[in-house]
Amino acid sequence: MDIFLLIFAATLLVAVLFSALAGRTVLSAAVLFLVVGFVIGSETTGILNLDSGSPEVSTIAEIALFVVLFTDGMKMGWADLRKAWRLPGRALGWGLPLTLGITALLAHFLVGLDWPSALLIGAILAPTDPVFAAALVGDKRVPQRLRQLLNVESGVNDGLALPFVVVFLAVSSGAEDLHLGELGIEFLTGTLIGVAVPWLVIKALHTKVFAAVGVYEPIVPIAIGLLVFTLSTTVHANLFLAAFAAGVTVATVGQKEREAFEEFGEIISELLKLLALMVFGALLSFKFLSEIEWTGWVFAILALVAARPAALYVSFLGSGLSMREQVAAMWFGPKGFASVVYVLVVVTAGIPEGDLIFHLVALTIALSIVAHSSTDVVVARSFVEPDETPAWQGPPINNGPGPESGASSDAGPSSTRGE
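Given the structure is predicted, the values throughout are model-derived calculations rather than measurements.

**Focus on the packing of helix 6 (residues 86–111) against helix 15 (residues 294–315)**
Orientation of helix 6 relative to helix 15, taken along the N-to-C sense of each, is 150 degrees, at an axis distance of 8 Å. Here helix 6 lies roughly antiparallel to helix 15, going by the angle between them. For helix 6 against helix 15, the interelement crossing comes out right-handed. Its residues assigned to classes, the contact of helix 6 with helix 15 comprises 17 nonpolar, six polar and two charged.

**A look at the layout of surface pockets**
It is a probe the size of a water molecule, rolled over the atoms, that shows where empty space is left. Of the pockets and cavities examined, the second largest pocket occupies roughly 560 Å³. If you go around the second largest pocket, you meet 22 residues; those closest to its centre are E62, L162, E186, A237 and V345. Secondary structure elements with two or more residues in the lining of the second largest pocket: helix 4 (55–73), helix 9 (144–172), helix 10 (180–205), helix 11 (219–234), helix 12 (239–253) and helix 17 (337–349). Here the residues of the lining of the second largest pocket sort into 13 nonpolar, six polar and three charged.

**Section: the pattern of salt bridges**
For the structure shown, the criterion picks out five salt bridges. In this structure, the salt-bridge partner of E153 is R308, at a minimum N-O distance of 2.8 Å. Placement of the pair is E153 in helix 9 and R308 in helix 15, with a sequence separation of 155 residues. Comparing E153 with R308, the two get one shared label, buried.

**Observations regarding empty space enclosed by the protein**
This structure, assessed with the given rule, holds five cavities of 30 Å³ or more. Taken as a whole, the largest cavity holds about 80 Å³ of empty space. Taken together, T71, M74, K75, R258, F261, E262, G265 and E266 make up the full set of residues lining the largest cavity. A total of five residues in the lining of the largest cavity trace back to one element, the largest contributor, which is helix 13 (residues 255–282). Its residues assigned to classes, the lining of the largest cavity comprises two nonpolar, two polar and four charged. Approximately 50 Å³ is the volume attributed to the second largest cavity. Taken together, V57, I60, A61, A276, V279, F280, L283, F337 and V340 make up the lining of the second largest cavity. Contributions of two or more residues to the lining of the second largest cavity are made by helix 4, helix 13 and helix 17. When grouped by side-chain class, the residues that make up the lining of the second largest cavity number nine nonpolar, no polar and no charged.

**With respect to the side chain of R308**
Residue R308 is classed as buried on the basis of its relative accessible area of 4%. Leaving out residues up to four positions away in the same chain, R308 has contacts with T99, T128, L150, E153, A303, A329, M330, F332 and G333.

Criteria and thresholds
- Residues numbered from 1 in each chain as written.
- Predicted model: local features only at pLDDT ≥ 70, side-chain atom pairs only at ≥ 80, totals over all residues.
- Heavy atoms only, no water.
- Axes fitted to C-alpha atoms, helices over the stretch in contact; angles between N-to-C directions.
- Helix = DSSP H or I, 4+ residues; strand = E, 2+ residues; numbered from the N terminus.
- Parallel < 35°, antiparallel > 145°, perpendicular 65-115°, else oblique.
- Left-handed = near helix turned anticlockwise from the far one by under 90°.
- Nonpolar A, V, L, I, M, F, W, Y, C, P; charged D, E, K, R; others polar.
- 1 Å grid on protein atoms, 1.4 Å probe; cavity = no way out; pocket = protein on both sides within 12 Å on 5 of 7 lines; lining within 4 Å.
- Points joined across faces, edges and corners; volume = space filled by probe spheres on them.
- Salt bridge = Lys/Arg side-chain N within 4 Å of Asp/Glu carboxyl O.
- Buried < 20%, exposed > 50% of the residue type's maximum accessible area, 1.4 Å probe, protein only.
- Contact = heavy atoms within 4.5 Å.

Encoded structure:
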């Protein structure tokens, strides 16, 4: 463990030293930590001895995803969410199931998985990851409505994909009872916890009896997050919906607490993301990758470049988004920690196709990390080309009511992926 912490600290220092350069090029801290994890993995150098069945892996991935969803939710309140819902609603209502279906078709006809297993891997890979979307979402060169679309979609779709994962896993294992009622209760309970806990805490702080001052102000959201996490795990509520709902609620009723926590929260979120990336990289090896047949590689590539783009193209027909914005949204659908958490559940379930599914999902996530975290700067720059005025700087395209169909004035200075 001491050696692992030394390597993590050294890699973190390298990432810090080259962060300015990374913000101007395709270099990426995410890829750096993935590669270092690959090198120190049990089947490469053996410095970090972990496998997919290690409880540390699922715990780190789950905590990292919770923190990222919580901090992402704090970027907008319920009023902002309602105003910006039309475009994310298309991506979630049409794009998510279509992505699931297209991925399942690829898994069935390319890899040969039976339909329950193919639908299961489709559900695992359907959600996008807020961790790797964060670099693009935080770049003000990108249109505000596109950033809102990616932020809301990636924050919500992790929880929405969960019931599909559970149902298809039950079918794959031959279970007769799919427990749909329990799933509904988990969703409802998670949302209630995510809304009620921060609302009660912040309302109490705004009375004359209680107050948080000085160093304790940024601790308020930390206490809220810990309480939401422990309550959700104790009563078996949907952890990811609870995290995102809690963040949004803090942004809605606790602007002061949100501002006090914002910078600290981003730092904690980034550190956990990089730690989880290194641990995930340690699960990979040349031997692991060599076990995947060429059809699996073709599947992983098509899952990234075909499944989501085709699904979102259909979803955004008549939406009013410019073609440039649509292409950015179609491409920037990274896979990450939610998929890791879900596939680890599949591995521990012991279904016949579990090992193959894990290999395919891990390969797809690794390719996604490399591809998406290395192209966020390129995508952001595409909106400041001098030879073409982006749609968000020109006249609004209005195909329906709602402020999200208008032009955004959020054309702030350029930001790097380190901001």
